[in-house]
2 protein chains.
Amino acid sequence: MSAVPAAESPAPTGAAADLAERFARIQRIEHAVELIDWDTETMMPEGAAAGRSEIRATLSVLAHELITDPRIGDWLADAEERDEGGDPWQTANLREMRRRYLRATAIPADLVEAASKAASACEMAWRGARRDNRFADVLPTLREVLSCERRTGEAAGDALGLSAYDALLNQFEPDARATEIDRVFDDLAPLLPGLTEAALEGQRRAPAPLPLPAVVPVERQRQLGETLMRHLGFDFTRGRLDVSLHPFCGGGGPDDVRITTRFVDGDVASAFSATLHETGHALYEQGLPLAWRGQPVGTARGMTAHESQSMLVEIHLIRSPAFLAFAAPLMRQALGADTDPAVFEPDNLFRVLTRVERSLIRVDADEVTYPAHVILRFRLERAMIDGDLDPADLPGAWADGMQSLIGTVPPDDATGCLQDIHWFGGLWGYFPTYLLGRMMAAQLWTAAREQLPDMDDALRRGEAGGLIGWLRTHIHTVGSLMSNDDLVRAATGRRLDASALIAHLQHRYAAS
Amino acid sequence: MSAVPAAESPAPTGAAADLAERFARIQRIEHAVELIDWDTETMMPEGAAAGRSEIRATLSVLAHELITDPRIGDWLADAEERDEGGDPWQTANLREMRRRYLRATAIPADLVEAASKAASACEMAWRGARRDNRFADVLPTLREVLSCERRTGEAAGDALGLSAYDALLNQFEPDARATEIDRVFDDLAPLLPGLTEAALEGQRRAPAPLPLPAVVPVERQRQLGETLMRHLGFDFTRGRLDVSLHPFCGGGGPDDVRITTRFVDGDVASAFSATLHETGHALYEQGLPLAWRGQPVGTARGMTAHESQSMLVEIHLIRSPAFLAFAAPLMRQALGADTDPAVFEPDNLFRVLTRVERSLIRVDADEVTYPAHVILRFRLERAMIDGDLDPADLPGAWADGMQSLIGTVPPDDATGCLQDIHWFGGLWGYFPTYLLGRMMAAQLWTAAREQLPDMDDALRRGEAGGLIGWLRTHIHTVGSLMSNDDLVRAATGRRLDASALIAHLQHRYAAS
């Protein structure tokens, strides 16, 4: 099946032991921060916000001090010299340590602070600008953020041997390169208008979906979510499900994986999808290699792999006819006390969950139009970092991109370039991982079905263990042992590209 | 009213600024630890326990490294030399910093670690020994803990100019001295047998209390607790109420004060009392001086003052005829749907809440016998630290003490010297603050009633603002400005002693 070498518990000595202890310490602080962030979103009384951000900042500074300690450079040089590649896990762990150390020491402390302040100020301005639909209000602080991000990318890029934009990508997806992203995105982009047309045409010919009930008691929705989480293998002795304004997966390490969802009247399907999306992330975290707990090589590979796990569950597993056949009666029992049973026929549920429309808003977009939203953002943020697009021209460039990629133009900036928090909050180089993750999900799903001939039958019985076990073997327990390219290749036999996603979209939306 | 100088926001320079920044940083880490501890007791999935204790230990080590930094010694010397006493808050802040620094640097790191390990091992042995009722099983590890605690007390005592036992007291109650505790405890101890006799005799003559309903839905109990918390001024925008196995007050600083309670079928009164006890602690934390947030002088004075606030609410306020007259209808509404209304007559509620019996167990003890439990523990732990009592002789000494102080002897060690976790978990010098806190509560309550002539009328209307405002002025907003002795004297005009508690017990239990 896999070429992944077995992970054995590390027993390093000398410099390697110093490094292991130091990085474990850093990771424990990061887990403390994650726990506190979870608390902020789910439990914190509102009056605690100011003190909370100080607590968080203090822990971040401590972690930063620990990773920029010059002794790490000496330890790394020593350990790298002694490493003879006998244990590929140990070698990979050193590689990940080196990457993090280079990155952390490359960016001057005053730039870290300036970037953090610029992002805070811009994010605040953005909230007002979006509310008032006035892009001009956020432009000055956006320029400041862009300047900080460009300088950050340049500094990290010098240390890592990358372009500024690739160095920004690197913090979320270590092995990504813009030119490579161009290649896979450009395969997909020209097909999207046609796919969207075909999907809309198919929808017009098919019966309109019967909607899920608008209002279902939260407790019933939660129980349905928990039941399906258990079926997928989520371990509640090492995790939780809670409620927050925006769903996320966080917690305090692989034995404390906490996902959140939200229950909105009038959109029961959205809570259902969000819970299972986050479950995909959570299964990855709970499945990370035990022997390398606390070490960089024991963490998730990157945001592409992470998003692949959530999308594989949300888009491929949950919407598969086999799984829907199993889930439909459970959904009916939980959600449909007074509802027409036809709503809970698997075919109808499938139509509800795969409805397509030309949405202006990325987070509301269906899977056919979603890629165009990401491609647009990738092209624009890269152009801004490279100096080819002035932020003042962003609204116009946005409209042009929407027209050519999706065939619709937003009436204003609030539903245009102001819709996502990322750029204003200092998150540059993140967007592409959303689509790379979808491509990886499609490629993994295709490979798993080929390698597990009984999978559909099992899913029909509600048994996801075969699929999840396959993901455990090929993705979860591999941690950061190899590059994402190698991870995908080892699991699927092929380099990551758009073909599986294209085939999936054509099959699901343009086959008939 | 008070001789407390106004607290103004600090704007220190030079070494004082370095100190302020350093101690603020330490306090933020301590708040992170408190938040994580809250999470451990209320939210944590069981499988996360091992990783959790590592996260906690890492943060504790970081805080310890920050406070033992030798530069603090230089900064302190510089700041103390420049301090001309112009701002008593600044002077007090330096004094508190000095005390913490002396304490932290006095105890060698290997002793800190040895004590922590000994306590962990002993606590585990204690759980088994208590379950199996075999003191001998815990004796070896208890000797180890005692040895570590004695050495800790000696080391800290050398630095602080205190005896070993006083140096242990000092970590919980900075100004306490064993000889002074002897003085106030010895005033009370001889009266306890007679008070207990009188209380039991009074009970025999009075009608037996009608019990509260055994089972009340948790949600109704919680709502009653929240309603009364609001009446006492608990600010839910800066705090929470949750459920844990053992009630406590924690959180992440004065804007994030979290109390917990527990709801046990068959003991509705206990949840009621526990919630309000913790509310007393919480009001103190929420009321700490705003201008000195983050600094040592801005924290609670010590465990005596803290316990005084919880006991003032639990014992004096809640059981007062005036407050019970107000609370009775609320309690009936929340707890008494199908219950004889006579249960919720204020007189009956008073009898339920003030029932006396010769309990063997401290945490179940009524307020008449409780002091004897503490006096016994104080005398025994001091004798062990001083080398006057060998741990092997603890069970015998315990029986002798129980006989003379309470007039009853435990049938075994599980209900005797094994009942409390403190000694086995490494908490030495803590016990006396429970009783000192009760004395302080009685003295404060007496002074408040004298100074607030309308208090009873207000309480009868459910208005606790006058009393709480008085506590805010005299205790909460004073933080650690002065010693606990001076704090009590400034608020009540008298040094802390047993007289108010004696008068209270005589009035409540031996008057008729």
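Everything in this summary refers to the structure shown in the same document. Treat the numbers as computed from the prediction; the structure is a model and nothing was measured.

Re the overall build of chain A
For step 1, the next point in the chain: Looking only at helices and strands, chain A has 21 helices and 3 strands in total.
For step 2, the next point in the chain: Relative to a compact globule of 512 residues, whose C-alpha radius of gyration would be 24 Å, chain A shows 23 Å and is just as compact.
For step 3, the next point in the chain: Counting every position in chain A, which comprises 512 residues, the buried fraction comes to 56%.
For step 4, the next point in the chain: Long-range contacts, defined here as pairs at least 24 residues apart, represent 74% of the contacts in chain A between residues at least 6 apart.

Re the state of the cysteines
For step 1, the next point in the chain: The final tally for this structure, using the stated rule, is 0 disulfides over all chains.
For step 2, the next point in the chain: No disulfide involves C148(A); its sulfur sits 10 Å from that of C122(A), the nearest cysteine.

Concerning the packing of aromatic side chains
Here a ring pair, both rings aromatic, is described through the centre-centre distance and the interplanar angle of the planes.
All names here are of chain B.
For step 1, the next point in the chain: Here the structure, examined in full by the defined rule, presents 24 aromatic pairs over all chains.
For step 2, the next point in the chain: The interplanar angle of 65° and the centroid separation of 5.7 Å between the aromatic rings of F323 and F326 together place this pair among those described as edge-to-face. Here F326 and F323 lie together in helix α13 (residues 321-335), a separation of 3 residues that amounts to about one turn. In this structure, F323 and F326 share a single accessibility class: buried.
For step 3, the next point in the chain: Looking at R258, its charged tip hangs above the ring of W38, at a distance of 4.3 Å from the centre.
For step 4, the next point in the chain: One Lys or Arg, R377, reaches over the ring of F431 and ends 5.7 Å from the middle of that ring.

With respect to the interface of chain A and chain B
For step 1, the next point in the chain: The interface of chain A with chain B comprises 33 residues on the first partner and 33 residues on the second.
For step 2, the next point in the chain: For the pair chain A and chain B, the number of links is 8 salt bridges.
For step 3, the next point in the chain: Note that D39(A) and R258(B) form a salt bridge whose closest N and O atoms lie 2.7 Å from each other.
For step 4, the next point in the chain: Counting across the interface, chain A meets chain B through 13 residue pairs in polar contact (both at pLDDT 80 or more).
For step 5, the next point in the chain: Of all the secondary-structure elements, those providing two or more residues to the side of chain A that touches chain B are α1 (14-42), α2 (49-67) and β1 (239-243) of chain A.

Some words on the environment of E278(B)
All names here are of chain B.
For step 1, the next point in the chain: Summarising the element assignment, E278 is placed in helix α11 (residues 268-286).
For step 2, the next point in the chain: Sequence separation between E278 and T477 is 199 residues, and the spatial gap between their C-alpha atoms is 18 Å.
For step 3, the next point in the chain: Once residues within four sequence positions are removed from consideration, E278 is found in contact with P247, F248, C249, I259 and T260.

What to know about the relation of the copies chain A and chain B
For step 1, the next point in the chain: Mapping chain A onto chain B calls for a screw motion: a turn of 180° about the axis and a shift of 0.0 Å along it, with 0.0 Å RMSD after fitting. Such a combination of turn and shift is consistent with a two-fold rotation axis.
For step 2, the next point in the chain: An overlap of 100% is found between the interface residues of chain A and their copies at the interface of chain B, pointing to a shared contact surface.

Remarks on helix α17 (residues 431-451) of chain B
For step 1, the next point in the chain: Relative to the 30 Å expected for 21 residues at 1.5 Å per residue, α17(B) spans 31 Å between its end C-alpha atoms, a close match to the ideal helical length.
For step 2, the next point in the chain: Counting buried positions along α17(B) yields 17 of 21 residues, so the element is predominantly enclosed.

Points about the pairing of β1(A)
Residues and elements named next belong to chain A.
For step 1, the next point in the chain: Within β1, 4 of the 5 residues are buried, which leaves it mostly tucked inside the rest of the structure.
For step 2, the next point in the chain: Bridge analysis of β1 against strand β3 (residues 257-261) gives 5 bridges, and the strand direction is parallel. Directly across from V243, in β3, lies its bridge partner T261.

Things to note about the sheet that holds strand β2 (residues 249-251) of chain A
Residues and elements named next belong to chain A.
For step 1, the next point in the chain: With mixed pairing, the 3 strands of this open sheet are ordered in space as β1-β3-β2. Of all the strands in the sheet, the pair left with one neighbour each is β1 and β2. Looking at each pair of strands side by side, their axes are set apart by 35° on average, direction ignored.
For step 2, the next point in the chain: This element, helix α10 (residues 218-231), spans β1 and β3 of the sheet and lies at about 155° to β1.

What to know about the side chain of T58(B)
For step 1, the next point in the chain: Relative to the assigned elements, T58(B) resides in helix α2 (residues 49-67).
For step 2, the next point in the chain: The buried category is assigned to T58(B), whose relative accessible area is 5%.
For step 3, the next point in the chain: Residues within four places of T58(B) in sequence aside, it is in contact with R25(A), R28(A) and I29(A).

Brief notes about the side chain of Q221(A)
For step 1, the next point in the chain: Looking at where Q221(A) falls in the secondary structure, it is placed in helix α10.
For step 2, the next point in the chain: Setting aside its immediate chain neighbours within four residues, Q221(A) contacts V216(A), F263(A), V268(A), A271(A) and L335(A).

So, the pairing of strand β3 (residues 257-261) of chain B
Residues and elements named next belong to chain B.
For step 1, the next point in the chain: With 5 of 5 residues buried, β3 lies mostly within the body of the structure.
For step 2, the next point in the chain: Where strand β2 (residues 249-251) lies against β3, 3 bridges are found, and the strand directions are antiparallel. Across the sheet, G251 pairs through a bridge with V257, a residue of β3.
For step 3, the next point in the chain: Connecting β2 to the antiparallel partner β3 that follows it, the hairpin turn spans 5 residues, and G253 within it adopts a positive phi of roughly 105°.

Re the sheet that holds β3(B)
Residues and elements named next belong to chain B.
For step 1, the next point in the chain: Taken together, 3 strands build an open sheet; the order of strands is β1-β3-β2 and the sheet is mixed. The sheet terminates laterally at β1 (239-243) and β2, the two strands that pair on one side only. Direction aside, neighbouring strands of the sheet carry axes that sit 35° apart on average.
For step 2, the next point in the chain: Running over the sheet, helix α10 (residues 218-231) touches β1 and β3 and is turned about 155° from β1.

A closer look at unusual backbone geometry
All names here are of chain A.
For step 1, the next point in the chain: Here the phi dihedral of N133 falls at roughly 55°; this positive angle occurs in a residue that is not glycine.
For step 2, the next point in the chain: With respect to the element layout, N133 can be found in the loop between α5 (109-132) and α6 (139-160).
For step 3, the next point in the chain: Accessibility expressed as a relative area gives 31% for N133, which makes it partly exposed.

Remarks on the pattern of salt bridges
A pair can form between side chains of opposite charge whenever their charged atoms are brought close.
All names here are of chain A.
For step 1, the next point in the chain: Taken as a whole, this structure holds 84 salt bridges over all chains when the rule is applied.
For step 2, the next point in the chain: Across the salt bridge formed by R99 and E96, the nearest N and O atoms sit 3.3 Å from each other. Pair noted here: R99 and E96 are both in helix α4 (residues 88-106), with a separation of 3 residues, about one helical turn.
For step 3, the next point in the chain: By relative accessible area, which is 18% here, R99 ends up buried.
For step 4, the next point in the chain: By relative accessible area, which is 2% here, E96 ends up buried.
For step 5, the next point in the chain: Between K117 and E113 there is a salt bridge whose closest N-O contact spans 3.1 Å. Separated by 4 residues within a single helix, K117 and E113 lie in helix α5, roughly one turn from each other.

Basis of the calculations
- Residues numbered from 1 in each chain as written.
- Chains lettered and ligands numbered in written order.
- Predicted model: local features only at pLDDT ≥ 70, side-chain atom pairs only at ≥ 80, totals over all residues.
- Heavy atoms only, no water.
- Helix = DSSP H or I, 4+ residues; strand = E, 2+ residues; numbered from the N terminus.
- Rg over C-alpha atoms; globule rule 2.2 N^0.38 Å.
- Buried < 20%, exposed > 50% of the residue type's maximum accessible area, 1.4 Å probe, protein only.
- Contact = heavy atoms within 4.5 Å.
- Disulfide = S-S within 2.5 Å.
- Phe/Tyr/Trp six-rings, centres within 6.5 Å; stacked < 30°, edge-to-face > 60°.
- Lys NZ or Arg CZ within 6 Å of the ring centre and 35° of its normal.
- Salt bridge = Lys/Arg side-chain N within 4 Å of Asp/Glu carboxyl O.
- Polar contact = N/O pair within 3.5 Å; in protein donor to acceptor, adjacent residues only side chain to side chain.
- Least-squares fit on C-alpha atoms with pLDDT ≥ 70 in both.
- Expected span 1.5 Å × (residues − 1).
- Pairing = 2+ DSSP bridges.
- Axes fitted to C-alpha atoms, helices over the stretch in contact; angles between N-to-C directions.

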